Amino acid sequence: MPRPLIPDRRGRILAAARQLILDKGWPDTTVADLAARAGIGKGAVYLEFAGKAAILAAVLNRDMRELTAQVHRSVLSAPGLVDLPAVYRFAVAATLANPLMSALYLGDAAVLGEHVRGAGDERYLDRFRWLGDYVGQLQRAGVIDPAVSTESIVRVLGVFTLGLLHAPGVFGAMSAQELQEAVGLFADLVGRGLASDLPADPAAARAAQLSLLARLDDQLGRLEEPA
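What you see is a predicted model; the values in this text were computed from it and never measured.

> Describe the side chain of R127, with residues and values.
Inspection of the secondary structure puts R127 in helix 8 (residues 123-140). Look at R127 and you get buried, because its relative accessible area is 13%. Here Q219 takes part through its side chain, which lies 2.8 Å from a polar atom of the side chain of R127. Residues contacting R127, with those up to four places away along its chain left out, are L216, Q219 and L220.

> A description of the pattern of salt bridges should follow, citing residues and the corresponding values.
One pass over the structure, following the stated rule, counts 10 salt bridges. Its salt-bridge partner being D23, residue R37 comes within 3.3 Å of it at the nearest N-O pair. Placement of R37 in helix 2 (residues 31-38) and of D23 in helix 1 (residues 9-24) is noted, with a sequence separation of 14 residues between them. For R37, a relative accessible area of 42% gives the class partly exposed.

> Which residues make up the nonpolar core, and what are the values?
One finds I55 and L157 to be the most contacted residues of the largest nonpolar core, which totals 69 residues. For this core, the element with the highest residue contribution is helix 4 (residues 52-77), accounting for nine residues. Once residues lying within four places of it in the same chain are set aside, the contact partners of L157 are L84, Y88, L131, V135, F186 and V190.

> Tell me about empty space enclosed by the protein, and please be specific about residues and values.
Per the counting criterion, the structure on display carries one cavity of 30 Å³ or more. Of the volumes computed, that of the largest cavity is approximately 720 Å³. Lining of the largest cavity is provided by 27 residues; of these, Y88, A91, Y105, T161 and L216 occupy positions nearest its centre. Secondary structure elements with two or more residues in the lining of the largest cavity: helix 4, helix 5 (84-97), helix 8, helix 9 (150-171), helix 10 (176-193) and helix 11 (202-224). Classifying every residue of the lining of the largest cavity gives 22 nonpolar, four polar and one charged.

> I'd like a description of the environment of G172, backed by residues and values.
By secondary structure assignment, the location of G172 is in the loop between helix 9 and helix 10. When the C-alpha positions of G172 and L106 are compared, they lie 8.6 Å apart, and in sequence the two are 66 residues distant.

> Which residues make up the packing of helix 6 (residues 99-106) against helix 9, and what are the values?
Geometry of a packed helix pair, given as the angle between the helix axes and the separation of the axes. Their axes nearest at 7 Å, the elements helix 6 and helix 9 cross at an angle of 65 degrees. Taken together, the axes of helix 6 and helix 9 are roughly perpendicular relative to one another. On the side of helix 6, the interface is formed by L104, Y105 and L106, while helix 9 contributes L164, L165 and P168. Here the contact of helix 6 with helix 9 is composed, by residue class, of six nonpolar, no polar and no charged.

> With reference to specific residues and values, describe the packing of aromatic side chains.
Within this structure, the stated rule accounts for three aromatic pairs. Consider the rings of Y88 and F160, whose centres lie 6.1 Å apart with planes at 75 degrees: the pair is edge-to-face. In this pair, Y88 sits in helix 5 while F160 sits in helix 9, placing the two residues 72 residues apart along the sequence. You'll find Y88 and F160 in the same group, each marked buried. Considering the side-chain rings of Y88 and F186, the 5.5 Å spacing of their centres and the 80 degrees angle between planes classify their relative orientation as edge-to-face. Of the two residues, Y88 is situated in helix 5 and F186 in helix 10; the sequence distance between them amounts to 98 residues. For the pair formed by Y88 and F186, the shared burial category is buried. A network of ring pairs unites the aromatic residues Y88, F160 and F186 as a single cluster. Above the ring of W26, the side-chain terminus of K52 is found at 4.6 Å from the ring centroid.

Analysis parameters
- Residues numbered from 1 in each chain as written.
- Predicted model: local features only at pLDDT ≥ 70, side-chain atom pairs only at ≥ 80, totals over all residues.
- Heavy atoms only, no water.
- Helix = DSSP H or I, 4+ residues; strand = E, 2+ residues; numbered from the N terminus.
- Buried < 20%, exposed > 50% of the residue type's maximum accessible area, 1.4 Å probe, protein only.
- Polar contact = N/O pair within 3.5 Å; in protein donor to acceptor, adjacent residues only side chain to side chain.
- Contact = heavy atoms within 4.5 Å.
- Salt bridge = Lys/Arg side-chain N within 4 Å of Asp/Glu carboxyl O.
- Core = buried A, V, L, I, M, F, W, Y, C linked by side-chain atoms within 4.5 Å.
- 1 Å grid on protein atoms, 1.4 Å probe; cavity = no way out; pocket = protein on both sides within 12 Å on 5 of 7 lines; lining within 4 Å.
- Points joined across faces, edges and corners; volume = space filled by probe spheres on them.
- Nonpolar A, V, L, I, M, F, W, Y, C, P; charged D, E, K, R; others polar.
- Axes fitted to C-alpha atoms, helices over the stretch in contact; angles between N-to-C directions.
- Parallel < 35°, antiparallel > 145°, perpendicular 65-115°, else oblique.
- Phe/Tyr/Trp six-rings, centres within 6.5 Å; stacked < 30°, edge-to-face > 60°.
- Lys NZ or Arg CZ within 6 Å of the ring centre and 35° of its normal.

Interpretation note: all reported values are geometric properties and have no functional meaning in isolation.
Dropping the structure here:
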């Protein structure tokens, strides 16, 4: 007689993994630990995921989606013009409020192990294409100087974003205050250096940001689907 299916087995595994990461760190977490915390057999874990790396990627993907949703809420609730410096500040605040995203960007190897030294993949290629569309919309909305090459702006923003992900592997872990200060300084430099003399359209700028966030959320949602 076949064994009954476990409701939302994948979700239970990811919830257990997230809690174990926070309780004891990913390096010290085993698949047996995950199975026990989720209340399933060890073999059932492998019916959903190829191994620990796939589980961690799925957990971080879910938290990234929640971070994106938090930035989305901040953009919607913010009064007036939402420019690039504001978006960076929303993002760093949401990052530091999420313990897993915070560990990723601060380089906390005790929480995430070697993953903090190798974050990043081909998904960023799509994200940078969307970022180009977003920057172009901000230029047309009078928020960013249209005389500056869109491609150059995206390259600078991309280098900074990827640099944040890989910096812990080179410079070591940083504190939450150091991350906030670094992102805040970069946001100020970008805001001043790319400021436009044209009248800004706050509604168009907000719509551009929400469109970018929707694209990211859609990508993250598709990544959550079982292979």
